[in-house]
Amino acid sequence: MKLFYMPGACSLAPHIIANEAGIDLDLVRVDGKSKKTEQGQDFLATNPNGYVPALVLPDGELMTEASVVVQYLADQKPETGLMPKPGEIARYRVQQWLAFVATELHKVFGSFFKPDTPEATKEINRAHLSRRLAYVDQKLDGRSYLMGDTFTAADAYLWTVLGWAKFIGFDLSPFANIQRYLGTVAARPAVQKTLRAEGLA
Ligand SMILES: N[C@@H](CCC(=O)N[C@@H](CS)C(=O)NCC(=O)O)C(=O)O
């Protein structure tokens, strides 16, 4: 399978899950501005929306949306527990977190990277992030990961998105559990391997 990625972008989450699951991916780096791959090909021909992650499946079909791509990859190796089994309440809980990260955090963080976002919108979004991260911090109290002791697809996505705080000058120091969580996830060998592969270690 081929993963189109930009270093440190949300495509880091499926990349982490692939490494956690021991799935070998062909990595194709995309330039966000030119929408060209590192081989000079037009990324828009693969994903007309122009965003990563974009995963080309073994049958050549394209899969997008970080919150879905992580589930697909995790489900290739159910024994890892990266996604709980269909029908289990835990699976819905992981999906609940994935939807939360996508809609309450990812897109809000993303607004800070867009040059045309007005300052007033950024101010509103900062307040939104403070409220939502206070909630996440409370949920992580006494837990290594979102689901407790088990690292799941939702952690790969949350950890990726939290990593953007430093680029937008968002202070995470009021959130002690999140700070600990960042270190716990970063220490995972598959996460370190992924960071090295993307040139971020
Ligand atoms: N709806 C997509 C959005 C993905 C997205 O925002 N990707 C960003 C990087 S984190 C991107 O590729 N931005 C470049 C662009 O939109 O042109 C998802 O949930 O995966």
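Everything below is about the structure printed above this text.
Below, the structure is looked at part by part. Quantities reported herein were computed from a predicted structural model and do not represent experimental measurements.

Reading the values: rules and limits
Residue positions are given per chain, counting from 1 as you read along its sequence in written order. Restriction of local features to residues with pLDDT of at least 70 applies here, the model being predicted, together with a cutoff of 80 or more for giving and counting side-chain atom pairs; totals for whole chains, interfaces and linings are based on all residues. With hydrogens and water set aside, each side-chain value is computed from the structure's full complement of heavy atoms. Think of each axis as a best-fit line through the C-alpha atoms, taken over the contacting stretch in the case of a helix, with angles from 0 to 180 degrees between the N-to-C directions. Runs of E in the DSSP output that reach at least two residues are strands. Runs of H or I that reach at least four are helices, and both are numbered from the N terminus. Reported orientations rely on four angle classes, namely roughly parallel under 35 degrees, roughly antiparallel over 145, roughly perpendicular from 65 to 115, and oblique for the rest. In this scheme the handedness of a crossing depends on how the near helix is turned from the far one: anticlockwise by less than a right angle means left-handed, clockwise means right-handed. Any two residues whose heavy atoms approach within 4.5 Å are treated as being in contact. Under the scheme applied, nonpolar residues are Ala, Val, Leu, Ile, Met, Phe, Trp, Tyr, Cys and Pro; charged residues are Asp, Glu, Lys and Arg; polar residues are all the others, including Gly. Here a strand pair is declared whenever DSSP counts at least two bridges between the two strands. When at least one non-hydrogen atom of a residue lies within 4 Å of a molecule or strand, that residue is treated as near it. Polar contacts, as counted here, are pairs of nitrogen or oxygen atoms within 3.5 Å of one another; within protein the pair requires one atom able to donate a hydrogen and one able to accept it, and residues that are adjacent in sequence qualify only if both atoms are side-chain atoms. Each accessible area value is a Shrake-Rupley result obtained with a 1.4 Å probe; residue values ignore everything except the protein chains displayed when judging cover.

Considering the packing of helix α1 (residues 12-21) against helix α5 (residues 153-162)
Reasoning step 1: As a packed pair, α1 and α5 sit with axes 8 Å apart at the nearest point and diverge in direction by 140°. Classified by the interaxial angle, the pair formed by α1 and α5 is oblique. Crossing handedness for the pair α1 and α5: right-handed. Contacts between α1 and α5 involve L12, A13, I16 and I17 from the former and A153, A156, Y157, W159 and T160 from the latter.
Reasoning step 2: A class-by-class count of the residues in the contact of α1 with α5 yields eight nonpolar, one polar and no charged.

Observations concerning the sheet that holds strand β4 (residues 62-64)
Reasoning step 1: Spatial strand order, β2-β1-β3-β4: four strands in an open sheet with mixed pairing. The open sheet has two free edges, formed respectively by β2 (26-29) and β4, since each of these has just one partner strand. Between one strand axis and the next, the sheet turns by 25° as a mean value, whatever way the strands run.
Reasoning step 2: Bridge count between strand β1 (residues 2-5) and β2: four bridges; the pairing is parallel. Each bridged residue has a counterpart across the sheet, and for Y5 the counterpart in β2 is R29.

What about the site of the ligand?
Reasoning step 1: With respect to spatial proximity, 13 residues lie near the ligand, and among them C10, K35, V52, E65 and A66 are the closest.
Reasoning step 2: In this structure, an oxygen atom belonging to the ligand sits 2.4 Å away from a side-chain N or O atom of K35.
Reasoning step 3: At 2.8 Å from a nitrogen atom of the ligand is found a main-chain nitrogen or oxygen belonging to V52.
Reasoning step 4: Here the ligand has 510 Å² of accessible area as a free molecule, and 74% of this is covered by the chains.

Honestly, that's just the spatial picture; any functional story needs more than this.
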